[in-house]
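Listed here are the chains, written in short residue letters.
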Amino acid sequence: MTRSTGNVRLKAARVAAGFNSQQDLADALTKHAGRMGMRGLSVGVRQVRRWESDNPPWPQPDCQRVLVHLLGQSLETLGFTPPWGTDGPKSDHVRPTQVAGGAGLSLSLASVRSTSAPQPATAGSDFYSVTKSHRRLYWSVTPTKLHPAVMAHATLGCALIPETAEPTRSVIAAALAETYLLAGRIEFFDLREPSLAHETFLLALQAAGEADDSLLGSAIIAHMAFIPGWTGDRDAARERMIAARTYARRTSASAEFLAWLDAVEAECETRCGDTRTALNLIGHAEDVLRQGNEHASPEWMDWFSPARLAAFKGNTQLLAGHLPQARESLLDALETMAPGEEKQRTVVYGDLAAVEASSGHTEEACSYVGEALDQLALTWYATGMDRVRDVRRTLTPHQHERCVRDLDDRLYDWSTTVSALSR
């Protein structure tokens with residue numbers, strides 16, 4: 001008797017997307033529905049089990065949209081058979097390219113035939129100009145306000161690609177990859193949604209592949225390394241960094257970009273507890289920057305500078321217990337930061353506060369936390385607030401001192417509390 005295998009297509013797509021269990025997929029679908037504006041939709045593990053059975057029921061329209069958007073494949077490819085057969089009406093059938101967010105990039109976009117009139121050559125530069133504006137706005141606009149606009153722009157890009165020919169098609173695809181990369185950065189660093197960021201980075205990678213942009217692909221994969229790196233999964237982080245470096249070798253990477261790859265891997269190693277390896281990587285990054293090369297950095301790489309490398313170094317030295325060296329690196333980072341690096345400035349203030357707290361200098365620690373809060377009031381950054389909270393926890397033994405009480409009054413006043421909870 002042959003053993004039933006069920007809907008192997010959906011199961012394969014689930015596992016390939018990183019959802020090892022049916023419960024994982026059910027949870028991801030429910031969360032994704034909320035992200036798509038369908039907050040009343042809840043998918044349970046029993047429903048996923050039915051979809052992976054021998055005779056999976058045709059999903060309801062809302063579930064269709066979430067499945068296609070999350071897994072990036074058509075319903076037929078996922079093993080579902082329409083109730084009207086293959087030749088009947090398709091009013092409820094959802095193609096990946098029709099779904100907001102455009103997960104249909106995992107299909108071959110070259111095979112999609114649009115019924116709309118072809119877009120003019122100017123569509124590429126017009127679409128990219130908005131991408132560029134969003135990139136600049138990231139450093140000043142509240143993340144929860146910017147993110148929906150970025151995702152809406154991505155939806156437009158997915159709709160434009162099937163309606164364009166080369167070279168406009170590649171211009172839009174590269175801009176779309178940048179857009180998804182920005183959305184993923186907001187989700188990971190600002191909204192603290194690593195699972196959503198992973199999905200969005202995958203969409204960015206697919207778009208970069210459509211544009212055949214290896215350098216952008218390298219940047220996206222390196223960002224994906226942060227996700228396991230921040231949870232202590234060293235093997236997964238290292239594997240992604242190997243992939244990121246492989247993509248970088250396929251193109252002309254600037255010294256700044258190569259140094260940034262070292263810095264990303266250093267941060268992952270630091271969070272995995274290997275500060276010695278991290279400091280070696282940072283030392284190599286400093287050498288790479290000093291030597292330089294003839295290649296220019298891409299315009300979209302606006303998240304790294306020598307000052308930020310110094311900040312990376314100071315944080316690693318702090319966690320390694322090298323407090324005098326950490327103080328020196330962090331002060332150097334503050335001194336050399338340029339306008340536009342205000343988000344990172346809050347992180348540096350937080351790390352300086354941690355240095356002083358670890359050195360027994362409670363008043364100095366509180367002073368730096370105050371500086372961080374001043375900056376956060378102007379430019380919100382979740383990572384910066386995390387640093388502030390970490391320092392406050394270390395000050396618990398001194399919570400009856402006047403400077404710590406004053407800090408608490410500031411940390412938990414009405415404006416700061418409402419601001420933190422609303423972000």
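Residues numbered from 1 in each chain as written. Predicted model: local features only at pLDDT ≥ 70, side-chain atom pairs only at ≥ 80, totals over all residues. Heavy atoms only, no water.

Some points on helix α4 (residues 61-71)
- The buried fraction of α4 is high, at eight of 11 residues.
- Listing the buried residues of α4 in full gives C63, Q64, V66, L67, V68, H69, L70 and L71.
- Packing partners of the buried residues in α4 comprise α1 (8-16), α2 (22-35), α3 (45-51) and α8 (194-211).
- Two residues or fewer after α4 comes G72, characterised by a positive phi angle close to 75°. (Buried < 20%, exposed > 50% of the residue type's maximum accessible area, 1.4 Å probe, protein only. Helix = DSSP H or I, 4+ residues; strand = E, 2+ residues; numbered from the N terminus. Contact = heavy atoms within 4.5 Å.)

A closer look at unusual backbone geometry
- Across the junction of E166 and P167, the peptide omega takes the value 0°, indicating a cis bond.
- Residue placement: P167 occurs in the loop between α6 (143-160) and α7 (168-190).
- Of note, R192 is a non-glycine position whose phi angle comes to about 60°, a positive value.
- When you line up the elements, R192 lands in the loop between α7 and α8.
- What makes R192 partly exposed here is its relative accessible area of 30%.
- For D212, which is not a glycine, the phi torsion comes out positive at approximately 55°.
- Along the polypeptide, D212 turns up in the loop between α8 and α9 (214-229).
- A relative accessible area of 66% means that D212 is categorised as exposed.

Some details on the state of the cysteines
- Following the criterion strictly, the structure yields zero disulfides and no others.
- Cysteine C272 remains unbridged, with the sulfur of C268 as its closest cysteine sulfur at 6.6 Å. (Disulfide = S-S within 2.5 Å.)

Description of the side chain of S254
- For S254, the location among the structural elements is in the loop between α10 (234-249) and α11 (255-271).
- Taking relative accessible area as the criterion, S254 reaches 1% and is therefore assigned buried.
- Reaching out from S254, the side chain makes a polar contact with the side chain of S297 at a distance of 2.8 Å. (Polar contact = N/O pair within 3.5 Å; in protein donor to acceptor, adjacent residues only side chain to side chain.)

Regarding the confidence of the model for the protein
- Averaged over the protein, the pLDDT score is 86; the fraction of residues at 70 or greater is 88%.
- At the low end of the mean pLDDT range in the protein sits helix α19 (residues 414-422), at 58; at the high end sits α11, at 97.
- Across residues 86-115, confidence stays below pLDDT 50; counting only partners more than four residues off in sequence or on other chains, it has 66 contacts. (pLDDT = per-residue confidence, 0-100.)

Digging into the pattern of salt bridges
- Scanning the model with the defined rule gives 21 salt bridges in all.
- The salt bridge partner of R234 is E269, with a shortest N-O separation of 3.3 Å. Of this pair, R234 sits in helix α10 while E269 sits in helix α11; the two residues are 35 residues apart in sequence, bridging distant segments of the chain.
- Residue classification places R234 among the partly exposed positions, given a relative accessible area of 26%.
- In the salt-bridge network here, residues are joined through shared partners; they are R234, R238 and E269. (Salt bridge = Lys/Arg side-chain N within 4 Å of Asp/Glu carboxyl O.)

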